[in-house]
Amino acid sequence: MERNTGLIVAMDVTRMDSAVEIASEVAECVDAIKVGYPLVLSEGLSVISRLADYAPVIADFKVADIPNTDELICEQVFKAGASGVIVHGFTGEDSLKACIDVARRYDGDIYVVSEMSHPGGAKYFQPIADEIASMAYEFGATGIVAPATRPERVKHLRSIIGDGLSIISPGVGAQGGKASDVIEAGANWIIVGRSIYNSENPKETAMELVTGIGI
Ligand code: C5P
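Residues numbered from 1 in each chain as written. Predicted model: local features only at pLDDT ≥ 70, side-chain atom pairs only at ≥ 80, totals over all residues. Heavy atoms only, no water.

- The chain is annotated in an unreviewed UniProt entry as Orotidine 5'-phosphate decarboxylase from Methanohalophilus halophilus.
- In its Sequence similarities (unreviewed entry) section, UniProt records this for the chain: "Belongs to the OMP decarboxylase family. Type 1 subfamily."
- One UniProt comment on the chain, placed under Catalytic activity (unreviewed entry), says "orotidine 5'-phosphate + H(+) = UMP + CO2". (UniProt positions renumbered as here; feature names shortened; annotations may be inferred.)

1. What to know about the overall build of the chain
Thinking step 1. Looking only at helices and strands, the chain features 10 helices and eight strands.
Thinking step 2. Summarising its shape, the C-alpha atoms of the chain cover approximately 45 × 35 × 30 Å along the three principal directions.
Thinking step 3. In the chain, which comprises 215 residues, the share counted as buried stands at 53%.
Thinking step 4. By sequence separation, contacts in the chain at least 24 residues apart represent 67% of the contacts at least 6 residues apart.
Thinking step 5. Here the chain has roughly 9,500 Å² of accessible surface; of this, 48% comes from carbon and sulfur atoms. (Helix = DSSP H or I, 4+ residues; strand = E, 2+ residues; numbered from the N terminus. Buried < 20%, exposed > 50% of the residue type's maximum accessible area, 1.4 Å probe, protein only. Contact = heavy atoms within 4.5 Å. Areas by Shrake-Rupley, 256 points an atom, 1.4 Å probe, with all protein chains shown as cover.)

2. Let's talk about the nonpolar core
Thinking step 1. L7, M11, I33, V35, L51, I110 and I190 are the most contacted members of the largest nonpolar core, which has 77 residues in total.
Thinking step 2. Among residues more than four places away in sequence, those in contact with V35 are M11, V40, I48, L51, V57, I58, A59 and D60. (Core = buried A, V, L, I, M, F, W, Y, C linked by side-chain atoms within 4.5 Å.)

3. Concerning the state of the cysteines
Thinking step 1. Applying the stated criterion to the full structure yields zero disulfides.
Thinking step 2. With no disulfide of its own, C99 has C74 as its nearest cysteine by sulfur position, at a separation of 3.7 Å. (Disulfide = S-S within 2.5 Å.)

4. Points about the side chain of D109
Thinking step 1. When you line up the elements, D109 lands in strand β5 (residues 109-113).
Thinking step 2. Here D109 sits buried without a salt bridge, and the closest side chain of opposite charge, R104, lies 9.5 Å off (N-O distance).
Thinking step 3. A distance of 3.3 Å separates a polar atom in the side chain of D109 from a polar atom in the side chain of T142.
Thinking step 4. Leaving out residues up to four positions away in the same chain, D109 has contacts with M1, F78, S83, G84, V85, A103 and T142. (Lys, Arg positive; Asp, Glu negative; His and termini not counted. Salt bridge = Lys/Arg side-chain N within 4 Å of Asp/Glu carboxyl O. Polar contact = N/O pair within 3.5 Å; in protein donor to acceptor, adjacent residues only side chain to side chain.)

Below you can see the structure in the form of structure tokens.
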């Protein structure tokens, strides 16, 4: 993914027409559109190719299964036109490797969740986050997902993975994180959902966020 604005919009609306409308408004302000279960379960996998007309699409399916199933899932998602897939790392090295192998065939990206951004995400995730980040580095993932709600954790996780891997970071806005803090801590991209798609003026909000990122 090319870094022009540093902003990824999380398109967690549940209607294709809303998603397309918002995508067309914010396209010039974002480097990617993240889609997940809310939109895909509602409108089908075809949302991926539809939104890819506006920006590269990252599919946030937090893939977490045995290697064979992970492979089948990633295959479908890349085939549908996604540029990247977000996967879990706690399922182990073999599962992660299966996802990365598929991504390589499609010249796609794999981002590994190292720590969730919500309050409950700290309890079970934080104790294993460092190991997951190391594994992402070792196996050649594109990057990790780290919490904008805890910039000090982003900084720490950056120190583990070095500069070779990207950090994409959700939690700015509705969850309380601040764009400038998380970028300063070492994130390459912030991921923002509700603050943009619930805004009266998504484009204006996206532009303000881009100014806050300050690339
Ligand atoms: O609406 P909001 O800006 O909080 O959206 C954040 C997005 O990032 C949601 O799609 C959420 O599922 C996702 N996410 C997250 N924390 C993670 C991984 C993904 O908030 N660790």
